[in-house]
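Chains, contacts and geometry: an overview
One letter stands for each residue in the lines below.
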Amino acid sequence: MSKAVIAAAQDAHLQGAAAPPRMSLMQRFQNSRNALGWAFMLPAAVLLLLFLTYPLGLGTWLGFTDTKIGRAGEWIGLENFEFLVTDSVTQLALFNTLFYTVVASIAKFLLGLWLALLLNRRLPFQSFFRAIVLLPWIVPTALSAIAFWWIFDAQFSIISWALVKMGLMDHYIDFLGDPWNARISTIIANVWRGIPFVAISLLAGLQTISPSYYEASAIDGATAWQQFRHITLPLLSPIIAVVMTFSVLFTFTDFQLIYVLTRGGPLNATHLMATLAFQRAIPGGALAEGAAIATLMVPFLLAAIMFSYFGLQRRAWQRGGDK
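Just so you know, these numbers come straight off a predicted model, no measurement behind them. (Residues numbered from 1 in each chain as written. Predicted model: local features only at pLDDT ≥ 70, side-chain atom pairs only at ≥ 80, totals over all residues. Heavy atoms only, no water.)

Let's talk about the side chain of Ser-217
Residue placement: Ser-217 occurs in helix α11 (residues 211–219). The buried category is assigned to Ser-217, whose relative accessible area is 11%. A distance of 2.9 Å separates the side chain of Ser-217 from the backbone oxygen of Tyr-214, its partner in a polar contact. Not counting the four nearest positions on each side in its chain, Ser-217 is found in contact with Ala-222, Gln-227 and Ile-231. (Helix = DSSP H or I, 4+ residues; strand = E, 2+ residues; numbered from the N terminus. Buried < 20%, exposed > 50% of the residue type's maximum accessible area, 1.4 Å probe, protein only. Polar contact = N/O pair within 3.5 Å; in protein donor to acceptor, adjacent residues only side chain to side chain. Contact = heavy atoms within 4.5 Å.)

In structure tokens, the structure reads:
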């Protein structure tokens, strides 16, 4: 055998010994970040598909039919939406929803921001007060609605009783019997329940702001208002965008509080889109009409999501990014 053949055989043997062993399919899967990522996302994707995408698609489809409870419907196109556009009760429910959402969201933001700034200071029993603030958010909505139902009762209202005893009024206030009183009463209940979410979320954002910014501005002679306007508010704006987006979504789609407190009364004065959709679909039996009302809520919800998206763009700017 020639030396060239022997050398070639030795080289082949060395190359075979140096070659790494072939990985199995499972090993390649475990070493792939993309595959693992998709695997971890799969359970959540299945849940979203079953409990979010499918109901949303089914509800949208029902809105274009004349389905009733106990009777399969047929495709009727935009007839439900054409009727709802001219329906006075639906128009009133839309006004109530927008009024309820705007007023309650602004009140929750202002009071929640004030409470967050207060809790961010060094106060005695600070941890205790922070825990107490969460109570309205922790209490079940139905239970808090029943409590407010008693507080606003026309005969047994503790507010009316106190005002009469102090001589400020000579009669009880009909909180839930008058249309505008009922609107304001439901907003008060919603604000009381929603303030903790806004306050604690903004407090978490305040904790991330470095004290050095305030120390440097104080040396330069900045007032407390100037520090808030030029330091706190800009650095807190991404958190505000996210928190207020969720607050608007929660308020716009509120159902339990209104349904337990007033059931949409008096004279449909507190009916929101969510409560009206339920009333038309379940007690009223018009599934298609209720689904159409729920579908009409989608554009407003998408607008809130887009507000959150554009609000988050400031985060890149604050970090010095190009976007």
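Description of the pattern of salt bridges
Counted by the stated rule, this structure contains 2 salt bridges. Note that Asp-87 and Arg-280 form a salt bridge whose closest N and O atoms lie 2.9 Å from each other. One end of the pair, Asp-87, is in the loop between α4 (79–86) and α5 (88–119); the other, Arg-280, is in helix α14 (residues 273–281), with 193 residues separating them in the sequence. Relative accessible area serves as the criterion here: at 17%, Arg-280 is assigned to the buried category. A salt bridge links Glu-289 to Arg-280; the nearest nitrogen and oxygen atoms lie 2.3 Å apart. We note that Glu-289, like Arg-280, is buried. (Salt bridge = Lys/Arg side-chain N within 4 Å of Asp/Glu carboxyl O.)

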